[in-house]
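Chain and residue survey
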Amino acid sequence: MKPRRVAPLVMGGVVVVAAAIDAEWLDWAVIALVVLLIATSLATPVSKRMHSRFPNIGPVGRLAAGAADGAAAKWFALGALAVYAEREGGDLSWQAAAIVAVGVAAVALATVALKPATRGDLRLNLDSVRVSRSLPWALAALSLSASSSILALGTWPGIPARILATIAAVLFLLGAFYVLRRIVNRNVYRERTRLRIEGIGARFAIHISGPANSSYQLNTWLPLFDKLDERFVIMVREESLYAEICELTDQPVVYSSTLRAVDDVLAMGIGTVFYVNNAAANTHLIRRGQLHHVQLLHGDSDKPSSRNPVSAMYDELFVAGQAAIDRYWDNGIEIPRNKFRIVGRPQVAEISGPMPVTGPKTVVYAPTWNGFFNDANYSSLPRGVEIVTALLDQGATVIFREHPYSNKSAELAQNVQEIQDLLAADAAATGRAHRFGPQMFAEMTLVDCFNASDAAVTDISAVPIDYLFSAKPIAIMEMRPDVLVRIDGRPTLASASYIAQPDDDVAPWIARLLADKELPGEREAAREYYLGPFGHEGYEAHFVDALHEVIQNHEFVGELDLES
């Protein structure tokens, strides 16, 4: 449980005890609880999910976002203080009960209003009604109403208590009016949003579903779709992810959390749907067989995610090169060959080739994370300190770019911190311009890191395949045995990279990478195998042309059969 919820709960318990024993310091305990409830809300930054609901209007927005925080503490305090007020107020117990009712109703209504379902299942980032200007004020009023009720009961009876009770009632009525109006008119707002989406005239949709911080899976494709002279919408299924993607693009982004919302969007003349991952929610759209479904994925690697059997359910799979097709068949997943289209990997088009090196080399170390499941854990970060130490011993300048999800694991986060500390200490001692940490992420894209380096150290992910485009040497730490494909006569990544196992001595492996006397020819063959038989000039155009062709060939005419 988060500290901002624990602290009010503890203080609420103190108020309960004070009311039970009729302590002289009850008033101070009540005041402390109310101050804590308000302070924790004001001190809590508005999350991305809340930002998608409310405008950034400073303290009011933070009070609204925290309106339901401390709900348990408020209920405990209101119940205990009701008993206390009845003891103190005698025949005024009905008034105390009314104050309790106001406080409990304010907390309950604020909690309900903050539920995603209350905000609606269909939203549009371009729509003026996607953000309610009155709702934050209403929720802030409900939050303050509950706090005023607690203060009124804690000081009961007396004129101050009556004034506070009146304030609580007025704030509740104001907040309840706007919240209930929003709930009652939800279908009106929804229909208005549906008409706005229909007015876009989208010819295709991009669908994404996933946990928070998954927006990178879409962002890798957005610049390419932006180059199309076609209208489209981005369909997002989770509220937190919707908030992230709204910050990424000015293109129409639709929050469609229910099957009804999905069907409403698909019925608007969309002919093709593109997918960037294999999320379970993709099936909500795949069931519409009248449309054309194209899987892009967001990376290409020898991980199981790049050969998931569920890929067979799509009408077409855009892949970078022949390696992606063979990967399915090598693992017994017999997807018909005519479902695949080799289009290259346009994200690598800006990666530059090797430059003459006159001094110490610059090496990018780009490890992956540990995945959602144990069988997808290929991260070399547990050996990261040894890898970076070996690079430093060879005189290399290091660009350390860990996967953004590395902080999801306490162990990997600790590994990252140790590597950053090591690089900071070496930079101070030698003056070498290592790049790492938040500043590096803010200043350099992954492609920038590739272009600034002379070699790469990584593990099993999309990084080494993308790096093949540069023709620079690659070293891979294969943390799980025999994951990399090894087939005689085939130009695999394993045959074109310097490979090490977890138990190998790191230093000679790094030395072979920096010397690079063994594999230049193999890398060129592997580049075509993984990234397609396209030259550097105009490489990206092959993908864009394929997009145009698919969209034009699958224009949907007529009404979508929503009964099927």
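Up top you'll find the structure we're talking about.
Below or above, wherever it landed, is the structure these notes cover.

Conventions adopted
Residues numbered from 1 in each chain as written. Predicted model: local features only at pLDDT ≥ 70, side-chain atom pairs only at ≥ 80, totals over all residues. Heavy atoms only, no water. Phe/Tyr/Trp six-rings, centres within 6.5 Å; stacked < 30°, edge-to-face > 60°. Helix = DSSP H or I, 4+ residues; strand = E, 2+ residues; numbered from the N terminus. Lys NZ or Arg CZ within 6 Å of the ring centre and 35° of its normal. Pairing = 2+ DSSP bridges. Axes fitted to C-alpha atoms, helices over the stretch in contact; angles between N-to-C directions. Core = buried A, V, L, I, M, F, W, Y, C linked by side-chain atoms within 4.5 Å. Buried < 20%, exposed > 50% of the residue type's maximum accessible area, 1.4 Å probe, protein only. Contact = heavy atoms within 4.5 Å. Lys, Arg positive; Asp, Glu negative; His and termini not counted. Salt bridge = Lys/Arg side-chain N within 4 Å of Asp/Glu carboxyl O. Expected span 1.5 Å × (residues − 1).

1. Brief notes about the packing of aromatic side chains
- For the structure on display, the rule yields 19 aromatic pairs.
- A centroid spacing of 6.4 Å and a plane angle of 65 degrees characterise the contact between F274 and F318, whose relative ring orientation is edge-to-face. Pair noted here: F274 is in strand β5 (residues 272–275) and F318 is in strand β7 (residues 316–319), with a separation of 44 residues, a long-range link.
- Directly above the aromatic system of Y189 lies the positively charged group of R182, at a separation of 4.2 Å from the ring centroid.
- Seen from the ring of W329, R337 lies directly overhead, with NZ or CZ sitting 4.5 Å from the centre.

2. Quick look at the sheet that holds strand β11 (residues 455–458)
- The 5 strands are arranged β10-β9-β11-β12-β13 in an open sheet whose pairing can be described as parallel. Strand pairing shows two members of the sheet lacking a second neighbour, β10 (397–400) and β13 (498–500), which therefore form its edges. Geometrically, the sheet is characterised by an average inter-axis angle of 20 degrees between neighbouring strands, direction not taken into account.
- With 4 bridges joining them, strand β9 (residues 362–366) and β10 adopt parallel strand pairing. Bridging from a neighbouring strand, V364 pairs with I399 of β10.

3. Focus on the nonpolar core
- Core analysis: the largest hydrophobic core is formed by 32 residues, its most contacted members being V364, L468, L493, Y530 and L531.
- Elements that contribute at least two residues to this core include exactly β9, α20 (446–451), α21 (463–467), β12 (474–477), α22 (493–496) and α24 (520–531).
- Among the elements that line this core, the one with the most residues is α24, at 4 residues.
- The next biggest cluster of nonpolar side chains, apart from the first, holds 30 residues, and it includes L222, F318, F543 and A546.

4. Structural notes on the environment of L122
- You can see L122 is positioned in strand β1 (residues 122–124).
- Assessed through its relative accessible area of 4%, L122 is described here as buried.
- Sequence spacing of L122 and Y84 is 38 residues, and the spatial spacing of their C-alpha atoms is 46 Å.
- When residues no more than four places from it in sequence are discounted, the contact partners of L122 are R190, T193, R194, I197, V254, Y255, S256, A261 and V265.

5. Comments concerning the side chain of D454
- Here D454 shows up in the loop between α20 and β11.
- No salt bridge is formed by the buried D454; the nearest opposite charge belongs to K472, separated by 5.7 Å.
- If near-sequence neighbours (up to four positions away) are discounted, D454 is found in contact with V357, K361, T362, Y467, K472 and P473.

6. Things to note about the pairing of β5
- Neither face of β5 is open: one carries T272 and F274, the other V273 and Y275, and all of them are buried.
- Here strand β2 (residues 204–208) pairs with β5 via 4 bridges, running parallel. Note that in β5 the partner of A205 across the bridge is V273.
- One ladder, built from 4 bridges, connects β5 with strand β6 (residues 292–295); its direction is parallel. Bridge assignment links Y275 to a residue of β6, and that residue is Q295.

7. Here's the deal with α24
- Its 12 residues place the ends of α24 16 Å apart at the C-alpha level, agreeing with the 16 Å of an ideal helix rising 1.5 Å per residue.
- Regarding α24, the residues found buried are R523, A526, R527, Y529, Y530 and L531.
- Elements that come into contact with the buried residues of α24 comprise α16 (322–330), α21, α22 and β13.
- Looking at the residues trailing α24, positive phi occurs at G532, about 95 degrees.

8. Considerations on the pattern of salt bridges
- Following the criterion strictly, the structure yields 20 salt bridges and no others.
- R288 is the salt-bridge partner of D263, the closest N and O atoms lying 2.9 Å from each other. Highlighted residues: D263 in helix α14 (residues 259–266) and R288 in the loop between α15 (283–286) and β6, separated in sequence by 25 residues. Accessibility classification places D263 together with R288 in one group, the buried group.
- The salt bridge partner of R337 is D326, with a shortest N-O separation of 3.9 Å. Within this pair, whereas R337 is found in the loop between α16 and β8 (340–342), its partner D326 is found in helix α16, the two being separated by 11 residues in sequence.
- Exposure remark for R337: the relative accessible area of 45% places this residue in the partly exposed category.
- When its relative accessible area of 11% is taken as the criterion, D326 is described as buried.

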